[in-house]
Amino acid sequence: MREIPTWADPATHIARHRPDTALFYFAPAVLQATARRFLAGFPGLVTYAVKANAGEEVLANLVAAGIGTFDVASPQEMRAVRAICADAVLHYNNPVRSPDEVAFACEMGVASCSVDDRRELEKLAPLPRDVEVAVRLALPVTGAAYDFGAKFGAPPAAAVALLREVAEMGFRPVLTFHPGTQCADPAAWGTYIRTAAQVAHEAGVRIGRLNVGGGFASHRDGAAPDLEAIFDHIGQVARQEFGPDAPGLLCEPGRAMAAEAFTLATRVKALRGGNAVLLNDGVYGGLFEARDIGTARRITAIAPDGTPRNGAPVARTVFGPTCDSLDRLPEAIDLPSDLAEGDYLLFAGMGAYSLSLATRFNGYGPGETVTVDGLG
Ligand SMILES: *Cc1c(COP(=O)(O)O)cnc(C)c1O
């Protein structure tokens, strides 16, 4: 096996190498600690939504921490998981599938599939009947950075009919929902769980499991979200609504699992008038999500020798490296007054929807990920 050199932290690596390409620092210990936090606190089965970060090192460390079930959306994600863990349990929760994708899912022996529409349920006919089929419920709930119900999910009345059909086809009936990504409000889960109980009751179907999705907010700004408060609320409302016959719970965090384990390091290429800063990465690279949900604000500036910049904060307009005028962060960012050309900006909590979305536009984009003991 290839020896992977690890560094104590990003500043140590930067001081030694002065990387001129943007890159991610990855701390396996942080990822494993997050997985253990979910495993210890969530009142049910913890799975991982692969799309947040499908890196081999991410999947391998989650398996090492005790995660054995993965939420996958495509044949390629199934292959990626099985390449790391041959007996991983696959939950195929992209509710729209081509017949070829269903055939591939059969071959891979997926354990669970979600549906939100009658035609999609019909397409699952080739699957063996011990597969779980989860009806995806959509509600107009708030509390997240954006609404996942806007694309997928059946409203309650349609979910009742669909759940009956799942049971009639002989599949194991399950309900699932996703409160929306970067959701920090426990009440969003509570509303969904109450509706799920009503849907199961009206359908007259006993659901084997209730999948409460992902959405668990990551720490992008201000205080860290209280994951345990969300876990407790989910358990409490499920017991209250379903009583002693409560279905097993399952969650599928993507963002909250992967985010904290990666820091994005970018370098200041130029400082210009009007408090403009030009970086070697931006919204076409590791900061792809900034345009959709705003910029993560846990940013520290360090000099090339690894020492911190401590000047008073100044609001700056931050541009990326490509020759496209859209390549700028959507809002002004406070950065130290002593920031200089050649310095580094470290964005903490950047492990989700960053590497997986980064493009190579104009020949930029993050370089090779560097493994560190801690993220400082
Ligand atoms: C994207 C997705 C997730 C993960 O969502 P996060 O907001 O990253 O936690 C979980 N389940 C499904 C079905 C998804 O599509």
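Here, every reference points to the structure presented above.
Residues numbered from 1 in each chain as written. Predicted model: local features only at pLDDT ≥ 70, side-chain atom pairs only at ≥ 80, totals over all residues. Heavy atoms only, no water.

Moving on, we get to the packing of helix α4 (residues 75–84) against helix α5 (residues 99–108). Two numbers describe how α4 lies on α5: the axes approach to 10 Å, and their chain directions differ by 15°. Considered as vectors, α4 and α5 are oriented roughly parallel to each other. Once α4 is placed against α5, the crossing between them reads as left-handed. Here Pro 75, Met 78, Arg 79 and Arg 82 of α4 lie close against α5, whose contacting residues are Glu 101, Phe 104, Ala 105 and Met 108. Looking at the contact of α4 with α5 residue by residue, the class counts come to five nonpolar, no polar and three charged. (Axes fitted to C-alpha atoms, helices over the stretch in contact; angles between N-to-C directions. Helix = DSSP H or I, 4+ residues; strand = E, 2+ residues; numbered from the N terminus. Parallel < 35°, antiparallel > 145°, perpendicular 65-115°, else oblique. Left-handed = near helix turned anticlockwise from the far one by under 90°. Contact = heavy atoms within 4.5 Å. Nonpolar A, V, L, I, M, F, W, Y, C, P; charged D, E, K, R; others polar.)

Surveying the vicinity of the ligand reveals 15 residues, the closest of which are Lys 51, Thr 181, Gly 215, Arg 255 and Tyr 353. With respect to the ligand, the side chain of Asp 71 contributes an N or O atom lying 3.2 Å from a nitrogen atom. Within the side chain of Thr 181, an N or O atom sits 2.5 Å from an oxygen atom of the ligand. Protein burial of the ligand: of its 390 Å² of free accessible surface, 93% is covered by the chains. Here the residues of the shell around the ligand sort into four nonpolar, six polar and five charged. (Near = heavy atom within 4 Å. Polar contact = N/O pair within 3.5 Å; in protein donor to acceptor, adjacent residues only side chain to side chain. Areas by Shrake-Rupley, 256 points an atom, 1.4 Å probe, with all protein chains shown as cover.)

Here the idea is simple: oppositely charged side chains can pair when their charged atoms come close. The tally for this structure, following the rule as stated, stands at twelve salt bridges. With its nearest N and O atoms 2.8 Å apart, the salt bridge here joins Glu 120 to Lys 123. In this pair, Glu 120 and Lys 123 both sit in helix α6 (residues 118–123), three residues apart, roughly one turn of the helix. Each member of the pair, Glu 120 as well as Lys 123, is classed as buried. One salt bridge in this structure joins Glu 289 and Arg 255, with 2.6 Å as the shortest N-O distance. A residue pair is termed long-range when its members are at least 10 positions apart, and Glu 289 in the loop between β12 (276–279) and α11 (290–293) and Arg 255 in helix α10 (residues 255–258) qualify at 34 residues. Each member of the pair, Glu 289 together with Arg 255, is buried. Through salt bridges that share partners, Arg 220, Arg 255 and Glu 289 make up one connected network. (Salt bridge = Lys/Arg side-chain N within 4 Å of Asp/Glu carboxyl O. Buried < 20%, exposed > 50% of the residue type's maximum accessible area, 1.4 Å probe, protein only.)

Interhelical geometry of helix α2 (residues 28–41) versus helix α9 (residues 227–242) gives an angle of 30° and a closest axis separation of 10 Å. Of the possible angle classes, the one that applies to α2 and α9 is roughly parallel. Crossing handedness for the pair α2 and α9: right-handed. Here α2 contributes Arg 37, Phe 38 and Gly 41 to the contact with α9, which in turn contributes Leu 227, Glu 228 and Phe 231.

Where a protein is soluble and globular, its nonpolar side chains tend to be buried together. Ranked by internal contacts, the top residues of the largest apolar core, which has 99 residues, are Tyr 48, Ile 193, Leu 210, Val 212 and Phe 216. Here the element with the most residues in this core is helix α8 (residues 186–203); it accounts for nine residues. There are two domains that each give this core at least three residues, and those are domain 1 (6–25 + 259–372) and domain 2 (29–258). Judged by nonpolar contacts, the second largest core, of eleven residues, contains Ala 27, Ala 265, Leu 346 and Leu 375. (Core = buried A, V, L, I, M, F, W, Y, C linked by side-chain atoms within 4.5 Å. Domains from an automatic or database assignment.)

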